[in-house]
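This is what each chain is made of:
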Amino acid sequence: MSTPVRPDPLALELLVHGVAGAGPDELLGDPRTVRVTGDSTAAVFRRTEDADAEAHPERYAGRPVPEAYCWSRLTSGNGTRALWLLLLPFMVVNLAHWARPAAPTSASGNGVASTPAPAPAAETGAGGSPRAVRAYGLLVRILALSLTALLIAAACEVALDLLAWQCAGSSACTGSRSWLGFLSADGGWWGQPGRRLALGALVPAALTGLLWFLSNRTWSAYESQPPPSGTGDPDALDDTAPALGRPGFWYGRRLVARLRAAHTAAGLLTVAAAVAAPVARHDRRAGVPALEAFGWAVEALLAAGAVTVAWVVCRRGRTEARPDHRLDRAAVTLLPGGALALLVLVLGYACWSRPGWHSAGRLPGDFAFGVIMLAQGCGVLALAFVAGHLHRRAPDPAAALRGLGGPAVAMLGCALGGVMSGGVAQRVADWLDGGATPGMAGAPLPGPPVLLSWQAAVLPPLLLVLALLAAWFAVRGAGARRRLARAVAAEYPGEVPDTARSRRIAGARAAAALTDSAPWFVGAVSGITLLLGAGALAGAWLTGRVPGEAARGADPLLEGAARAAQDAGAWLIGLGIAVFVTWGRRAYRDAAARRTIGILWDVGTFWPRAAHPFAPPCYAERAVPDLTWRMTGWTGRTGGRLVISGHSQGSVLAAAAVWQLPPPVRRRVALLTYGSPLGRLYGRWFPAYFGPGPLAALHGEVDCWRNLWRATDPIGGPVLADAGADVDRGPLADPIAYGRSARHPLPAPILGHSAYQADPAFAAERDRLLARLAAAARADVPHQREDPPGAAQSPPEPPPGLSGPPPAAP
C-alpha cells in the first residue's frame, strides 16, 4: 500500500515596502485589511478574507497568503518628526561610521572584503587591522562630538554674544527693542554683563535638554526593542561571519545611552565654558583674589569635565557579538548630572555682583569656532588616511571613492553643521544690525565671529562649482542617451522603430545610470568644501576682519569680488534658513509633506546610532526585530514556507532580517528583492557590511534568493554580479511593450523604480522560490514525520529559544 502524498504546507508572502511607504491596502491590493500583529507605528496586515488562513490551508493550494509589514510611520509619524531636521548634520556624520572600508579577513587572506571577527567591541578588526578599524570608529565619534559642541556653541553665540553681550550692552540696540530694556546697563539687577550671560545661557542649555529629550524618547521606541532570543550563537560565529548576522547588531541600547550622556555633558560644559570664560577673564583683570581663585577653580573643573567626556566617548565602541543589556550607570547618571551641577555653579558665579563691568566688542572666546573647524578638518584628513589604509589591505573595486566614501560623508556632515549653525548667527546679526552689514565699518554692533562671515563668503564659489559639476554630468547623460537610443528598438523584435519613443526610454536609462556617478560627485563636493573651508579659516585668522573689510584698499576687482561673495553668501544663508524653517513648519502641520521628508529619514536612519546619539533614531532597530519575530514565530507555529518580498529600502530590511534568522528557520525562508539598492548603493557606500563578501555569505546561507532589476531604475540594480543568473534576473524589459499592439493598445509606461509586482517576472520568480522551498522540504528526509491522516495541520514546535512572547526590555 502506497503512502499518501502529504500536501505542501501553507505558504506565506511577507511584503515589505520601500521609501515613502505604501499603505496596507495598496500593498495587498484590497481596501479591506486587518492588522494581524503590531501597533499604530509598525504592524503586519492581511486582507480581511485571509485573516484566518492558518485555519483553512486548503483554500490556498498553489498560492501564498499575502501579508504586508508597514513601517513608514517609524520615520514619518507625528508632527514631532519635523524637529528631526535640526539633527540632519548628526545623521550624516553617523552614516560616516558605517561607510568605512571592509577590513581584511584572517581566514581567507585573498583580499575579499569582509567584516571583522566577532569581539567584545565591534570596532575590533581582523586580519591584522584591529587598530585601524578601532581608529576609524574613534575618529568618527570625535567628529560627532565636535558637531554637538559646534551646535551648542552657535546657540551660545546667538543668545550670549549677540543678544546678552553686544545688543544688551548697546543703548542703540536696546533702545529700539523694548523687550530687551531690562538687560540694558541701566536696567537694574540684570544690567550687569555676568547676570545677562547667566540669563542668556538658559537658551543653549534648553537646546541641550531638547536634544537629550529627543534622543531619550526615541530610544524608548527603537533601541529598547530586544532581538528574539536564540537568533544566533555568538560562540559559533567564525572569522568571516557578517556583522549584520550577529545577535547584538540591532540592539544598541548600551552604546546610545553612554554616548547620550557624554554628548549631553559636552553641551552643558560648552554653555558653562561660554559663560565662565569672560567672567573669569574680568575677575583676573579686576584683581579680586577670591573671585580670581574661584574662576581658576571653575576653569579647572571644566577642563576635567571635558577630559572625562572625551574619555567616555573614546573608551568603547559597539558590542555586537551578543545583545548587551548592561548599562554604564556611572557614566549615564553621573556625567550629565555632574555637568549640570557645574553649569549651575558657573551661573551662580556669573551672577555675583561686579559693579562697573561693562560689555564691549565681541564676547571673548570666539576663537573657539576656529578651533572646532580646524579640529574637524584635521579629523577628516586623519579619517581619510585610515580609510585608505583599510582599502589598500582589502581592495574592493566597487567601493565608493576607493574606500574614501566615509571621510567624504563626514566632511559633508561637518560642512552642513557649520552652515546651519553659522547661518543662524548671521541671520540674527543681520536682524540686530538693521540695514548694516555685520562686521563692516559703520555697523552698530561688531557682529558674529569673523570666521562665520568667511564661511558664508565661500558659499557662492561652492555653488558655482556644484553648478559646473551638474552641467558636466548633464552633458554626459545627454551623450549616453544618444548612444543608447540607437539600440533600444532592437531590444523589441518586430517593432517599428520610433525615434521619440527610443529617446524617452534611453533618457530614462541614462538618468538612472547617473546614480553610479554619484560617489565622484560627492567626493568632488567634499574635496572642494575642505579646500574652501581651509581658505576661510586662514583668511579669518590672518586678517581678523570680514572678507569685505579685509579686501578694502586692494585691487578693485578683488575688493568687489570679496564684497559680492560676502553679501551673496549672507543672502544665500538667509534664504536657506527661511526654506529650512518653512520646510519644518510644513512637515509639522502636513502629513503629506512629512511623508516626503520621511524619505530622507528612510535612507539616512537605517543604521544604528553608533557615532552620534542625537541623530534621528535607527528605525531598523525596531523593524528588523519585528520581521525576525514574525518569520520565526509563523514558521515555527505552522511549519509553512515563507517568501519575504522587499522593494527598495524594504529589501535592505528584508535581507537584514534574514541575516538574523537561526538556521532552522532560514531553511523555510526565501528572499525576493526588487528595485534593491543592496549592491548598487549599500554595497558601494557601506562595503564593510554590504560589500561582495557579506552579500556572498548571505547568498550561501539563503540559497533561495532572487533579485529583479531594471536598467531604468535609478536605485535598484544587481546584487551579486559574480553569482550571475543564480540570484539576479535582469534587466527586465521596461517598458513592457515598445509600441501599440493588440495586446498593449495604449502606450506602456516606463516604470523605473516602481510597480515591480506588475511585471510577470515577479509572480514567476515568487512561485519558483516557493517551489524550491517545497522541494527542499520534501528532500529533507530526516526532518519528515510520518503523521497519520488528519494530523497534517498540527503545527510543529518552534525552534529552541524562540517560543513565547518577546522578552521584556530590561
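Just above, that's the structure.
Residues numbered from 1 in each chain as written. Predicted model: local features only at pLDDT ≥ 70, side-chain atom pairs only at ≥ 80, totals over all residues. Heavy atoms only, no water.

## So, the overall build of the protein
Okay, step 1: Helix and strand counts for the protein stand at 26 helices and eight strands.
Okay, step 2: For the protein, buried positions account for 54% of its 810 residues.
Okay, step 3: Taking the contacts inside the protein whose residues are at least 6 apart along the sequence as the reference set, 79% of them involve residues at least 24 apart.
Okay, step 4: Total accessible area on the protein is roughly 33500 Å²; 63% of this is exposed by carbon and sulfur atoms. (Helix = DSSP H or I, 4+ residues; strand = E, 2+ residues; numbered from the N terminus. Buried < 20%, exposed > 50% of the residue type's maximum accessible area, 1.4 Å probe, protein only. Contact = heavy atoms within 4.5 Å. Areas by Shrake-Rupley, 256 points an atom, 1.4 Å probe, with all protein chains shown as cover.)

## Topic: helix α14 (residues 459-488)
Okay, step 1: Taking 1.5 Å per residue, 30 residues should reach 44 Å; α14 reaches 42 Å between its end C-alpha atoms and fits that length.
Okay, step 2: Listed as buried for α14 are L459, L462, L469, F473, G477, G479, A480, A485 and V488. (Expected span 1.5 Å × (residues − 1).)

## A word on the pattern of salt bridges
Okay, step 1: In total, this model carries 23 salt bridges according to the counting rule given.
Okay, step 2: For E765, the salt bridge identified is with R706, shortest N-O distance 2.8 Å. Taken together, the residues E765 in helix α26 (residues 760-779) and R706 in strand β7 (residues 705-710) connect sequence positions 59 residues apart.
Okay, step 3: You can call E765 buried: its relative accessible area is 1%.
Okay, step 4: Residue R706 is classed as buried on the basis of its relative accessible area, which comes to 6%.
Okay, step 5: Three or more residues joined by partner-sharing salt bridges are found here, namely D30, R32, R47, E49 and D50. (Salt bridge = Lys/Arg side-chain N within 4 Å of Asp/Glu carboxyl O.)

## Quick look at the sheet that holds strand β2 (residues 33-38)
Think of a sheet as strands paired side by side through backbone hydrogen bonds, with each pair either parallel or antiparallel.
Okay, step 1: Read across the sheet, eight strands follow the order β2-β3-β4-β1-β5-β6-β7-β8 without closing on themselves; strand pairing throughout is mixed. Looking at strand neighbours, the two that pair on one side only are β2 and β8 (728-732), the edges of this open sheet. Each strand of the sheet is rotated relative to its neighbour by a mean of 20°, with strand direction disregarded.
Okay, step 2: Both β2 and strand β3 (residues 43-47) contribute to a ladder of five bridges, which runs antiparallel. Directly across from G38, in β3, lies its bridge partner A43.
Okay, step 3: The sheet strands contacting helix α21 (residues 649-659) are β1 (11-16), β5 (641-647) and β6 (669-674), and the helix crosses β5 at an angle near 140°. (Pairing = 2+ DSSP bridges. Axes fitted to C-alpha atoms, helices over the stretch in contact; angles between N-to-C directions.)

## So, the state of the cysteines
Okay, step 1: Applying the stated criterion across every chain yields a total of one disulfide.
Okay, step 2: Paired by a disulfide, C167 and C173 hold their sulfur atoms 1.8 Å apart. Between C167 and C173, the S-S dihedral sits near -85°, and the bridge is therefore left-handed. Here the two residues C167 and C173 agree in accessibility, since each one is buried. (Disulfide = S-S within 2.5 Å.)

## Some points on the packing of aromatic side chains
For any two aromatic rings, the description comes down to two numbers: the centre-to-centre distance and the angle of the planes.
Okay, step 1: For the structure on display, the rule yields 27 aromatic pairs.
Okay, step 2: For the ring pair Y492 and Y738, a centre distance of 5.4 Å and an interplane angle of 40° mean the geometry is tilted. Placement of Y492 in the loop between α14 and α15 (499-513) and of Y738 in the loop between β8 and α26 is noted, with a sequence separation of 246 residues between them. Y738 carries the same exposure label as Y492, and that label is buried.
Okay, step 3: Ring geometry for W607 and F690: centres 5.8 Å apart, planes at 70°, overall edge-to-face. Of this pair, W607 sits in the loop between α19 (591-604) and α20 (620-638) while F690 sits in helix α24 (residues 687-690), placing them 83 residues apart in sequence. Considered together, W607 and F690 belong to a single accessibility category, that of buried residues.
Okay, step 4: By way of ring pairs, the aromatic residues W71, W98, F249, W250, F606, W607, Y619, W659, Y682, F686, Y689 and F690 are connected into one cluster.
Okay, step 5: Directly above the aromatic system of W296 lies the positively charged group of R284, at a separation of 4.5 Å from the ring centroid.
Okay, step 6: Taking the ring centre of Y756 as reference, the NZ or CZ of R710 above it sits at 3.9 Å. (Phe/Tyr/Trp six-rings, centres within 6.5 Å; stacked < 30°, edge-to-face > 60°. Lys NZ or Arg CZ within 6 Å of the ring centre and 35° of its normal.)

## Remarks on a positive patch on the surface
Okay, step 1: Taken together, the side chains of R476, R481, R482, R483, R486 and R503 define a basic patch exposed on the protein surface.
Okay, step 2: Top contributing element to the positive patch by residue count: α14, with five residues.
Okay, step 3: Tracing the sequence through the fold places R486 in helix α14. (Patch = residues over 30% accessible without salt bridge, like charges linked within 9 Å, V, L, I, M, F, W, Y side chains within 5 Å. Lys, Arg positive; Asp, Glu negative; His and termini not counted. Charge placed at Lys NZ, Arg CZ, Asp CG, Glu CD.)

## Details of the nonpolar core
Okay, step 1: Among the nonpolar cores identified, the biggest contains 167 residues, and Y69, F606, W607, M631, I644, L653 and F690 are the most heavily contacted of them.
Okay, step 2: Top contributing element to this core by residue count: helix α4 (residues 130-167), with 24 residues.
Okay, step 3: Residues L27, L28, L732 and A761 belong to the second largest nonpolar core, which totals 22 residues. (Core = buried A, V, L, I, M, F, W, Y, C linked by side-chain atoms within 4.5 Å.)

## Overview of the packing of helix α8 (residues 253-286) against helix α10 (residues 329-350)
For any two helices packed against each other, one specifies the crossing angle of their axes together with the interaxial distance.
Okay, step 1: α10 packs onto α8 with a crossing angle of 20° between their chain directions and a minimal axis gap of 8 Å. Classified by the angle their axes make, α8 and α10 are roughly parallel. In terms of crossing hand, the pair formed by α8 and α10 is left-handed.
Okay, step 2: Along the lines of polarity and charge, the residues of the contact of α8 with α10 split into 24 nonpolar, one polar and two charged. (Parallel < 35°, antiparallel > 145°, perpendicular 65-115°, else oblique. Left-handed = near helix turned anticlockwise from the far one by under 90°. Nonpolar A, V, L, I, M, F, W, Y, C, P; charged D, E, K, R; others polar.)

## Quick look at the packing of helix α3 (residues 88-98) against α4
Okay, step 1: Closest axis-to-axis distance for the α3/α4 pair is 9 Å, and the angle between their directions is 175°. With respect to each other, α3 and α4 are oriented roughly antiparallel. Facing P89, F90, V93, A96 and H97 of α3, the residues of α4 in contact are Y136, G137, V140, L143, A144, L147, T148 and L151.
Okay, step 2: Across the contact of α3 with α4, the residue classes tally to ten nonpolar, three polar and no charged.

## Side note on the environment of A257
Okay, step 1: Assignment of secondary structure puts A257 in helix α8.
Okay, step 2: Spatially, the C-alpha atoms of A257 and T333 are 9.8 Å apart, while their sequence positions differ by 76 residues.
Okay, step 3: Each residue touching A257, except ones within four places of it in the same chain, is listed here: L327 and V332.

## Concerning unusual backbone geometry
Okay, step 1: In the segment running from G730 into P731, the intervening peptide bond is cis, with an omega of 0°.
Okay, step 2: Of note, P731 is situated in strand β8.
Okay, step 3: Of note, the bond from D734 into P735 is cis; its omega dihedral lies within 30 degrees of zero at 5°.
Okay, step 4: The backbone of R402 shows a phi angle near 55°, a positive value even though the residue is not glycine.
Okay, step 5: Within the secondary structure layout, R402 lies in the loop between α11 (367-393) and α12 (405-433).
Okay, step 6: Note on R402: relative accessible area 62%, which makes it exposed.
Okay, step 7: Its identity is not glycine, yet S648 carries a phi of approximately 55°, on the positive side.
Okay, step 8: Tracing the chain through its elements places S648 in the loop between β5 and α21.
Okay, step 9: Residue classification places S648 among the buried positions, given a relative accessible area of 3%.

## Topic: a nonpolar patch on the surface
Okay, step 1: Taken together, the side chains of F367, V371, L374 and W541 make up a nonpolar region of the molecular surface, amounting to roughly 380 Å² of accessible area.
Okay, step 2: Residue contributions to the nonpolar patch peak at three residues, all from α11.
Okay, step 3: Take W541: it is sitting in helix α16 (residues 518-543).
Okay, step 4: Overall, the relative accessible area of 40% leaves W541 in the partly exposed class.

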